[in-house]
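Structural characterization, general
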Amino acid sequence: MSNTDAAPRELDCGPSRFTGVLHAREVPLGGPRAMLVRRTLPAKERSMVGAWCFADHYGPQDVHGGPGMDVPPHPHTGLQTVSWLFSGEIEHRDSAGVHAMVRPGELNLMTAGAGICHSEVSTPATTMLHGVQLWVALPESARDGHRDFAHYAPPAVALGGATVRVFLGALGGQRSPVHTFTPLLGAQLDVAPGASVVLDIDPTFEHGALLDRGDVEVAGTPLAVADLCYQSPGCDRLEIVNRGDVPARLILLGGPPFPERLVMWWNFVGRSHEDIVAYREAWQAGDDRFGAVQGYRGAVGRLPAPVLPGVRLKPRER
């Protein structure tokens, strides 16, 4: 997912000691017909939850007869992308030769490693587009590795007053078989009206609960739609209460605090200003580092990288 703002507002972010709720901001997503998405990570208050370094939430958006999602081929480095839908269908193509559909309740995880490019286009049959796009930062030991792709459809399992789909990591006796390079948790929770659910969680993890719909309290904190509630390590239980009379839905993210300092800019995750400059130059030059997407039929063949800001990019402090 790409933000092509050529002149972003510059902000020097110091160490984060934030605990509480992150409120989403609207940003345009890719290309000349950009759709708006709600972004909670990274934020100036907190950059990451475990290795989760990016979270976009979009829809429900009626795209019947409209442009829908059309993100031309664009690059990534040093991360994994996690695509998860509630409704609609997205066609994924990448430079590893993968052509796959993203469908509701099915995980598509793409590993960029040293470099990959991909496109994302909602299908003509899609009338309502609704989901999340998440990034996971790769540790130093894996960030220059190979491109890869995984697909997994987790079962929906009852857990107290909730239904849980664990797409990464483990929760409530369910475990995803999908490989990650650091310990992670990623799950969808659908909570029945009026239900209170207490989850046993790993106390070494920090957690973030992103509300998609409903009237919900997480750890005693009320959330609005698209809010992300952060809970620091040290807790072995997480209580979620649906205060409303309709089902609620959340995405729960978790992982141990990521120990490495990252530089994130546009679609790149690196460790230094020089990393980002080199990635941008390679993409603009059509370097083989990223390969090429075959079969994309949009009006723009590839997204050009925006202009770098006129300051040195600094790592975000943990």
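Before reading further, recall that the structure is shown in the block above.
Summary of the structure given here.

Cut-offs applied
- Residues numbered from 1 in each chain as written.
- Predicted model: local features only at pLDDT ≥ 70, side-chain atom pairs only at ≥ 80, totals over all residues.
- Heavy atoms only, no water.
- Helix = DSSP H or I, 4+ residues; strand = E, 2+ residues; numbered from the N terminus.
- Expected span 1.5 Å × (residues − 1).
- Buried < 20%, exposed > 50% of the residue type's maximum accessible area, 1.4 Å probe, protein only.
- Contact = heavy atoms within 4.5 Å.
- Core = buried A, V, L, I, M, F, W, Y, C linked by side-chain atoms within 4.5 Å.
- Pairing = 2+ DSSP bridges.
- Lys, Arg positive; Asp, Glu negative; His and termini not counted.
- Salt bridge = Lys/Arg side-chain N within 4 Å of Asp/Glu carboxyl O.
- Polar contact = N/O pair within 3.5 Å; in protein donor to acceptor, adjacent residues only side chain to side chain.
- Axes fitted to C-alpha atoms, helices over the stretch in contact; angles between N-to-C directions.

Notes on helix α1 (residues 273–284)
The first and last C-alpha atoms of α1 sit 17 Å apart over twelve residues, in line with the 16 Å expected at 1.5 Å per residue. All of the buried residues in α1 are H273, D275, I276, Y279, R280, A282 and W283. Packed against the buried residues of α1 are β5 (70–76), β10 (116–122), β25 (263–265) and β26 (268–270). Directly after α1, the chain includes G286, whose backbone phi takes a positive value near 70 degrees.

Regarding the nonpolar core
Counting residues in each nonpolar core, the largest one holds 39 residues, and the members touching the most others are W52, V82, L107, F167, L168 and I251. Residue assignment for this core shows that the elements contributing at least two residues are β4 (52–62), β6 (79–87), β9 (107–111), β11 (128–137), β12 (148–152), β14 (162–168), β22 (228–231) and β24 (248–255). Counting residues in hydrophobic clusters, the runner-up holds 28 residues, among them M69, W265, V293 and Y296.

Here we look at the sheet that holds β22
In spatial order, the strands read β1-β22-β19-β24-β17-β14-β13; together these seven strands make up an open sheet with antiparallel pairing. Edge positions in the sheet fall to β1 (21–22) and β13 (157–159), since each of these pairs with one other strand and no more. Here strand β17 (residues 185–191) pairs with β24 via seven bridges, running antiparallel. Looking across to β24, one finds that V191 is bridged to A248.

Some points on the side chain of D227
In this structure, D227 sits in the loop between β21 (221–223) and β22. As a buried residue without a salt bridge, D227 has its nearest oppositely charged side chain in R38, at a separation of 9.1 Å. Of note is the side chain of D227, whose polar atom sits 2.9 Å from the backbone nitrogen of A224. In this structure D227 touches V21, L22, H23, A24, A209, L210 and L211, once residues within four positions along its chain are discounted.

Some points on the sheet that holds strand β23 (residues 237–242)
One open sheet holds the four strands; their spatial order is β18-β23-β20-β21, and the pairing between them is antiparallel. Edge positions in the open sheet fall to β18 (196–200) and β21, since each of these has one partner strand only. When strand polarity is set aside, the average angle formed by the axes of neighbouring strands in this sheet is 25 degrees. Direction of pairing for strand β20 (residues 216–218) relative to β23: antiparallel, over a ladder of three bridges. Counterpart to E217 in the pairing with β23 is V241.

What to know about the pairing of β14
Within a regular beta strand, the side chains point alternately toward one face of the sheet and then the other, so they alternate between its two faces. The element β14 is largely enclosed, with a buried count of five among its seven residues. Direction of pairing for β13 relative to β14: antiparallel, over a ladder of three bridges. Counterpart to L159 in the pairing with β14 is A162. If you look at the hairpin formed by β13 and β14, you'll find two residues sitting between the two strands, and G160 has a positive phi there, around 65 degrees. Inspection of the sheet shows β14 paired to β17 by six bridges, in the antiparallel sense. The residue of β17 that forms the bridge with V166 is A187.

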